[in-house]
Structures are given as C-alpha cells and as structure tokens.
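What follows is the residue order along each chain.
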Amino acid sequence: MNEVIKGPLWAGVNWSADAGDGSIHDDATAEKLGFRGGTVAGDVHMNQFPPVLIQIFGPSWFETGNLSLSFKNPTIDREKVQVFAEPLSDGGQQTRVWMERDDGLLVCEGTAAVGDHSQSALRTKDLRPCDPDDLKVLNQLHEGLSLGRYDVFASPKKQFDRFDKGLISDPLNLYRTESQWGGVIACPATFLEFLWAYPMKRLGELVGDSVGLFGALEIGHVNGPFLLNKNYVIESEVVCVGQSPQTEYVWYDAWASNENDELVATLRIQSRAMKASSKAYG
C-alpha cells in the first residue's frame, strides 16, 4: 500500500451564506431541496489541496499542475474536512486525491498531476451527454456553444481580503506576498472565480430558472502560475449537456491566455441545475 499524505483538519467556511434566497449556499433554499443547510462551495474546499500537492510535486505544481475533483457529499459551514493524497509507488506524475469530513464521510475525490493533464479524473470521465431537446432547463445549450471571450484584469483585492480575514483554508504566504515567479499567485478559489464567473454570466442568460451547484471542478496550470495583477483573455465553450434523475448538468471548459497569447490556465467544470428547484419540473 502506498503512503498516504494528510493535510490538517480545517473548518470550511461558507463564503456565500449571504447570497440570498435562490442560492444553494443559502440555508433556507438548500433545506427546501433536502440539504442540511447552505453548502460550502467546492472551490472553497479546493484551497486545502495545494500544500499537500507541493509536498508531492514541489512548486512546479503551480507551473504545470492540475487538480481534478468530483464532489460526492456537500458540507455546511464550519464542518471540518481533511485532504488526503496517495502518491503512486512508480513515481508517476499523477496521484489520487480525496477529501473527507472529520467523521470519514467522502466529500470529493479525483486526481492531481504535473505536466500531462490528459489522464486526469475529469478528462477521462464519461460525461454522459444527451440530446438537448430532452432537457427542460438547459435546452438552449449544446456541445461547441461559445460562452464568450472576455478581457479580464485579475485583481487581487478579494483574495487579499479573504487572506487577511483568515477565510482561506490552509493558506500559503504566496497568496498574499510576491512569489518566486514575480507576482502573487491565485489560490484555487480565486483561480476558479476568474475563469468561471465570466462564462457563467452568459450561461445565466441561457439557463431556465433553477438552483445550481458544482458537481465537478478541474483547475489546470499550463504556463503558470496564474498570477494576480495581470491581464488575461478568457474564453469558454460548452463540452456537453446531460441529465441525472435529480439534475440537469452542463460541462464546459474555460481557458486563460496572457498578453503574449500564451495559454496560462484551464478549467473544466460541471454545473448542475436541481430539477426540484425549477418550475419546468413542477
């Protein structure tokens, strides 16, 4: 059996608890849908992984590394969770990773790697597409649909504020001060916010009324790190749409290029719409 590396227990904070009615992070909305309370977003949990990944891969994880996760059980505000990683005994560049609640409940699982991202948990997953005509909430989406091109300045303000308030689980100093790469590095949640938030605005125009939540997330550094205080061009495209008994879901990719037109970062995401939250299924 390979050695398992553990991170510390951290109490995940529901950053979006005040998002208001209609958000899965709102207690009342989440409870109506059968959850125990407003859920902690998956990107918040991703912040706990880099210190463990640096132990395995070194700082190069911020240059060419990825983290690819499927979420299994949601957590609520302040529940303690812990990261685990099992490096491959053959010295391979990909390792199995997962997170558990302090009582052993599996929160998420997947892979992390440096270099080649093609064999990650989400890049090799059967995405199970369906005909968009079979859907009621996401029926305006289809494979290959562009979600836009955006010129973005990656401001550090929100990350600095979260760092100073102690909201980032297992924070690294390079999220607040100059790194060896000549700038401040985006923590996973900040990384995702820039690559996700802009395409999500376009999705919002095309998606029927519903409550959404993350089902899976993969962040990838290509010519990294993803530094703050920089300008990027972000583009995004739908990979497929599908459904499960309780949700409709869309998989889409986003990628960020720098001012020299070099690919810096990638994102793959599954966003789920709860059928029970939509009048289309009323």
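Residues numbered from 1 in each chain as written. Predicted model: local features only at pLDDT ≥ 70, side-chain atom pairs only at ≥ 80, totals over all residues. Heavy atoms only, no water.

(A) The overall build of the chain, seen in detail. Each helix and strand counted, the chain has 6 helices and 11 strands in total. Taking 2.2 N^0.38 as the reference for a compact globule, 282 residues should give roughly 19 Å; the C-alpha atoms of the chain span a radius of gyration of 18 Å, in line with that estimate. Counting only C-alpha atoms, the chain reaches 50 × 45 × 40 Å along its principal axes. Put simply, 72% of the contacts in the chain that link residues at least 6 apart link residues at least 24 apart. Of the roughly 12700 Å² of accessible surface on the chain, 46% is carried by carbon and sulfur atoms. One finds the centroid of the 25 positive side-chain charges in the chain at a distance of 4 Å from the centroid of its 38 negative side-chain charges. (Helix = DSSP H or I, 4+ residues; strand = E, 2+ residues; numbered from the N terminus. Rg over C-alpha atoms; globule rule 2.2 N^0.38 Å. Contact = heavy atoms within 4.5 Å. Areas by Shrake-Rupley, 256 points an atom, 1.4 Å probe, with all protein chains shown as cover. Lys, Arg positive; Asp, Glu negative; His and termini not counted. Charge placed at Lys NZ, Arg CZ, Asp CG, Glu CD.)

(B) Main features of the environment of Val211. On the secondary structure map, Val211 appears in the loop between α6 (188-206) and β8 (212-221). Distance in space between the C-alpha atoms of Val211 and Glu237 is 21 Å, their sequence separation being 26 residues. The contact partners of Val211, leaving out residues within four places of it in the chain, are Gly22, Ser23, Ile24, Thr29, Leu33, Arg272, Ala273, Met274 and Ser277.

(C) Representation of the side chain of Ser271. Counting through the fold element by element, Ser271 comes out in strand β11 (residues 263-274). A residue is classified by how much of its surface remains accessible, and Ser271, at 12% relative accessible area, is buried. (Buried < 20%, exposed > 50% of the residue type's maximum accessible area, 1.4 Å probe, protein only.)

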